[in-house]
Amino acid sequence: MDHTRTHTQHQRHTQPAVMTEGPISRTVIRYALPIFIGYLFQQLYNTADALIVGNLVGRSALAAVSSTGSITFMAVGFFLGFSVGAGIVIARHIGAGDDTQTIRAVHTAVAMGIAFSIALTAAGILLTPTVLRLMDTPADVLPEAALYLRIYFAGSTGFVMYNTFVGILQASGDSQHPLYYLIASAVTNVALDLVFIAVFHMGVDGAALATALSQCMAAALALVRLLRRDDSLRLRAGLVRFDRRNLSEIVRYGLPTALQNCMIDLSNMMIQSYVNSFTSSAMAGVGAYTKVEGFAFLPVTAFSMAMSTFISQNRGAGRHDRMREGARFGLFWSTVMIEAVGVIIFLLAPVLVAAFNRDPEVIAYGVLRARICALFYCFLGFSHVSSAVLRGLGKPITPMLVMLLCWCGVRVLVLLTVGKVYHDMRLACWIYPITWALSTTFYVLFLEKYRWLPESPAAIAP
């Protein structure tokens, strides 16, 4: 009797979580909260690299680690677009109760992750020096930046497969286990950082190696979870292959997001190149602020992922009423939360930047960026969650076009025109809130078209 009850409980626990029933606010928060906490730990261990390197190795090493962020974001962002596409497809199959297509989509996503791992590792190792030189990376920073990136990409299988496995789990509504894996990975990363840098006196190579190893560990934990499931999400090695129908749908939803991420990060690389034209202090200061900004973005990341899954599952189930109410809830609260964090960063900017490096010039550049951008985070939050809602609705082209126009086209145009005659760090700062506000304007128009916003702004609040 006890054995039967335990088995039944296990079966119920491992069934894909359905987001088509129950209170919307509780459903979304229950899904988003573990993602938020998980990404908080992920951001902590990413920040640990910069904190430990900046304080134990020096300003040049901090500049090297910080300046590579736009490159890694572009590489990871391109793959994550397809991961998002796979999550939308899997979530829709789960919402429709189609176990056969869920199984095929899961194994297609894993096959795609393996292919991306191989390609990204080879491209990252071979092209790193060329890309850094194209970004006008200063000569005193270039060797350390190249070393960091090559080690990072050598371990790219870890973060690609981790995001693949976690995307599958999160599409099913399981956001708790990815949280556990990120916590374990974060603790491991910080411990290895301290061992490699403080004990063995390694530099940026130690930070990169710590990150790669911790990500591989997280991927292994997520893999074990999928291998042990007893539902349609269970991973079977013999079934890992490309299914034409599901591959086509994943590419349909994922390619626009992949291109969107890639082009946005390409524009950020151009902005980083503009920042590189100043001094290593500017690179370190802006890099330190970027790490701080990463924490502000966490609520938006959590709500964006929650909205994509929530909208996709309810779309599969035909629950249009829940789609509309869920979109209102996510848009309102994500915007409120990120703006509150922005106010805190605005006020505490000198202290936050100084935690990475106490050089007055480094602090000045970081504070400049914070004081210009932080109070406009509401536009950033609204744009990202709107993008997630539209992807969940099966409209991936719309956010791609908005982001390419506003966050890529406008930024590149400004840098190639105004940037040529106005060499000032404030230009590289103001370009962000201006384009955030522009994309928000377009999203309001599109959401009104699809009637996902209430008629009056006051009605957004649940």
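Up top is the structure.
As the structure is a prediction and not an experimental result, all values here were calculated from the model.

**So, the environment of Ile 363**
Then step 1. Its place among the elements puts Ile 363 in helix 14 (residues 360-373).
Then step 2. Taking C-alpha positions, Ile 363 is 8.7 Å from Ala 349, a pair spaced 14 residues apart along the chain.
Then step 3. The contacts of Ile 363, once residues within four sequence positions are left out, are Pro 350, Val 353, Ala 354, Asn 357 and Arg 358.

**With respect to a nonpolar patch on the surface**
Then step 1. A cluster of nonpolar side chains, namely Val 343, Ile 344, Leu 347, Leu 348, Val 351 and Leu 375, defines an oily patch on the protein surface of about 540 Å² accessible area.
Then step 2. Relative to the helices and strands, Leu 347 is located in helix 13 (residues 320-354).
Then step 3. Under the relative-accessibility criterion, Leu 347 is labelled exposed at 58%.

**Concerning the pattern of salt bridges**
Pairing between side chains of opposite charge can happen when the charged atoms of each approach one another.
Then step 1. Tallied over the entire structure, the rule returns six salt bridges.
Then step 2. Measuring nitrogen to oxygen at the nearest pair gives 3.1 Å for the salt bridge that ties Arg 92 to Glu 249. One end of the pair, Arg 92, is in helix 4 (residues 69-96); the other, Glu 249, is in helix 10 (residues 244-276), and 157 residues separate them in sequence. Of the two residues examined, Arg 92 and Glu 249, each falls in the buried class.
Then step 3. Where Asp 174 meets Arg 229, a salt bridge forms, and the shortest distance between an N and an O atom there is 3.8 Å. One end of the pair, Asp 174, is in the loop between helix 7 (156-171) and helix 8 (176-199); the other, Arg 229, is in the loop between helix 9 (204-228) and helix 10, with 55 residues separating them in the sequence.
Then step 4. Shared partners join several salt bridges into a network, and the residues in it are Asp 174, Arg 229 and Asp 231.

**Examining helix 7**
Side chains that are three or four residues apart share a direction in an α-helix, a result of its 3.6 residues per turn.
Then step 1. In this model helix 7 runs 22 Å from its N-terminal to its C-terminal C-alpha over 16 residues, within 8% of the 22 Å that 1.5 Å per residue would give.
Then step 2. Counting buried residues in helix 7 gives 15 out of 16 residues, a clear majority hidden from the surface.
Then step 3. Once helix 7 ends, the next one or two residues include Gly 173, with phi positive near 95°.

Reading the values: rules and limits
- Residues numbered from 1 in each chain as written.
- Predicted model: local features only at pLDDT ≥ 70, side-chain atom pairs only at ≥ 80, totals over all residues.
- Heavy atoms only, no water.
- Helix = DSSP H or I, 4+ residues; strand = E, 2+ residues; numbered from the N terminus.
- Contact = heavy atoms within 4.5 Å.
- Patch = residues over 30% accessible without salt bridge, like charges linked within 9 Å, V, L, I, M, F, W, Y side chains within 5 Å.
- Areas by Shrake-Rupley, 256 points an atom, 1.4 Å probe, with all protein chains shown as cover.
- Salt bridge = Lys/Arg side-chain N within 4 Å of Asp/Glu carboxyl O.
- Buried < 20%, exposed > 50% of the residue type's maximum accessible area, 1.4 Å probe, protein only.
- Expected span 1.5 Å × (residues − 1).

By themselves these figures say nothing about function.
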